[in-house]
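Each chain, letter by letter, is given below.
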Amino acid sequence: MAIIVTGASGLLGSALVPALRAEGWEVVRLVRRRPREADEAFWDPAEQKIDQAALEGAQAVVHLAGASVGDRRWTPAYKRELVASRVQGTRVLVDAIGALSGKPEVLLSASGVDFYGDTGDRVIDESQGKGSGFLADLCGRWEGEARRAGEAGVRAAQMRTGLVLSEKGGALGRMLPIFRIGLGAPLGSGKQYWSWIAVDDWVGAAVHVLKNRDITGPVNFTSPSPVTNAEFTRTLGKALRRGTVPIPVPGFALSAGLGEFAREALLPGHRVEPRKLLDSGYVFAHTRLDEALSAVL
């Protein structure tokens, strides 16, 4: 039985697909172009098109597709693209699942810790409600579409992912060139908490949730050891054997250069606890930031 994966070519999808195959699952990748490989099937969420036959009888669906939050400045047009790629894409997928005669057992759908908004230095878990701001509202709508799979009798879990540690891309990948020339510096006050997860733990947690039928709803995909931005900066500099700039980059300068993205994604704090993963028995490979960075760099 197959596992359907959207966003399979992205940072997380490209790490997850080989792991699923190593577990013995067949993987079918949904792509937004004409399929070229036997393991590909077509979908175009913008046009509300999907290969229904490819979904029929699948064991699970892992939904990772969505425009990158940090790749472009947040113009009004790009914000609309961020919303459409997540909300409309998830709606098309869930509607297709609901129409199947042989439905998957589980829909595992992406989300982010931005759901919580700025929570300061408070330790929060999955019971924390939605915060305020563009990203919090986006995550709320995104998850709302994914939860509708439950109406069709499909177990639905939403992965609230923190900062993924991988040198192949994502937030860390964008930081590395700056840190490698010794110009890494704390952002804003540096006191805001960053909740991180090593990419191999993200994959391990995804497989864990797929296999564990008792896990539903939001699941924090973060390590149990969030750190402040200042500590993250120092630790990354040490891992690269490079110095860092002790003077923080002021929040107003970040906002001037990066706009709303800085105010929404870099300066807020999320001190997140992965309570559902821990309570269900998932054992993290990396709970210390220095060890995790050494493993991925």
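Below, the structure is looked at part by part. Everything numeric in this text was worked out from a predicted model, so none of it was measured. (Residues numbered from 1 in each chain as written. Predicted model: local features only at pLDDT ≥ 70, side-chain atom pairs only at ≥ 80, totals over all residues. Heavy atoms only, no water.)

Section: the packing of helix α1 (residues 11-22) against helix α6 (residues 199-211)
And step 1. Packing of α1 against α6 brings their axes to within 10 Å, and their N-to-C directions diverge by 55°. Judged by the angle between their axes, α1 and α6 are oblique. Considering how the two elements wind past one another, α1 and α6 form a crossing that is right-handed. The segment α1 lies against α6, with Leu-12, Ala-15, Leu-16, Ala-19 and Leu-20 engaging Val-199, Trp-202, Val-203, Ala-206, Val-207 and Leu-210. (Axes fitted to C-alpha atoms, helices over the stretch in contact; angles between N-to-C directions. Helix = DSSP H or I, 4+ residues; strand = E, 2+ residues; numbered from the N terminus. Parallel < 35°, antiparallel > 145°, perpendicular 65-115°, else oblique. Left-handed = near helix turned anticlockwise from the far one by under 90°. Contact = heavy atoms within 4.5 Å.)

Quick look at empty space enclosed by the protein
And step 1. Enumeration according to the criterion identifies one cavity of 30 Å³ or more in this entry.
And step 2. Approximately 40 Å³ is the volume found for the largest cavity.
And step 3. Taken together, Ile-3, Trp-25, Gln-59, Ala-60, Glu-105, Val-106 and Leu-210 make up the full set of residues lining the largest cavity.
And step 4. For the lining of the largest cavity, a count of residues per class yields five nonpolar, one polar and one charged. (1 Å grid on protein atoms, 1.4 Å probe; cavity = no way out; pocket = protein on both sides within 12 Å on 5 of 7 lines; lining within 4 Å. Points joined across faces, edges and corners; volume = space filled by probe spheres on them. Nonpolar A, V, L, I, M, F, W, Y, C, P; charged D, E, K, R; others polar.)

Quick word on the pairing of strand β1 (residues 2-6)
And step 1. Counting buried positions along β1 gives five out of five residues, so the element sits mostly inside the fold.
And step 2. Burial of β1 is two-sided: the residues Ala-2, Ile-4 and Thr-6 facing one way and the residues Ile-3 and Val-5 facing the other way are all buried.
And step 3. In terms of strand pairing, β1 meets strand β2 (residues 26-31) through five bridges, oriented parallel. Bridged to Val-5 within β2 is Arg-29.
And step 4. Between the parallel elements β1 and β2, the chain passes through α1 in a crossover that is right-handed.
And step 5. In this sheet, strand β5 (residues 60-63) lies alongside β1 in parallel orientation, the contact comprising four bridges. (Buried < 20%, exposed > 50% of the residue type's maximum accessible area, 1.4 Å probe, protein only. Pairing = 2+ DSSP bridges. Right-handed = clockwise from strand over helix to strand, strands pointing away.)

So, the sheet that holds strand β3 (residues 40-44)
And step 1. Reading across the sheet, the eight strands line up as β4-β3-β2-β1-β5-β6-β8-β12 and stay open at both edges, with mixed pairing between neighbours. For this open sheet the edge positions go to β4 (49-50) and β12 (217-221), each flanked by a neighbour on one side alone.
And step 2. Looking at chain direction, β5 and strand β6 (residues 106-112) are connected through four bridges and run parallel. Following the sheet pairing, Ala-60 is matched in β6 by Val-106.
And step 3. Sheet strands in contact with helix α4 (residues 134-147) are β6, β8 (155-161) and β12, and its direction is about 180° off that of β6.

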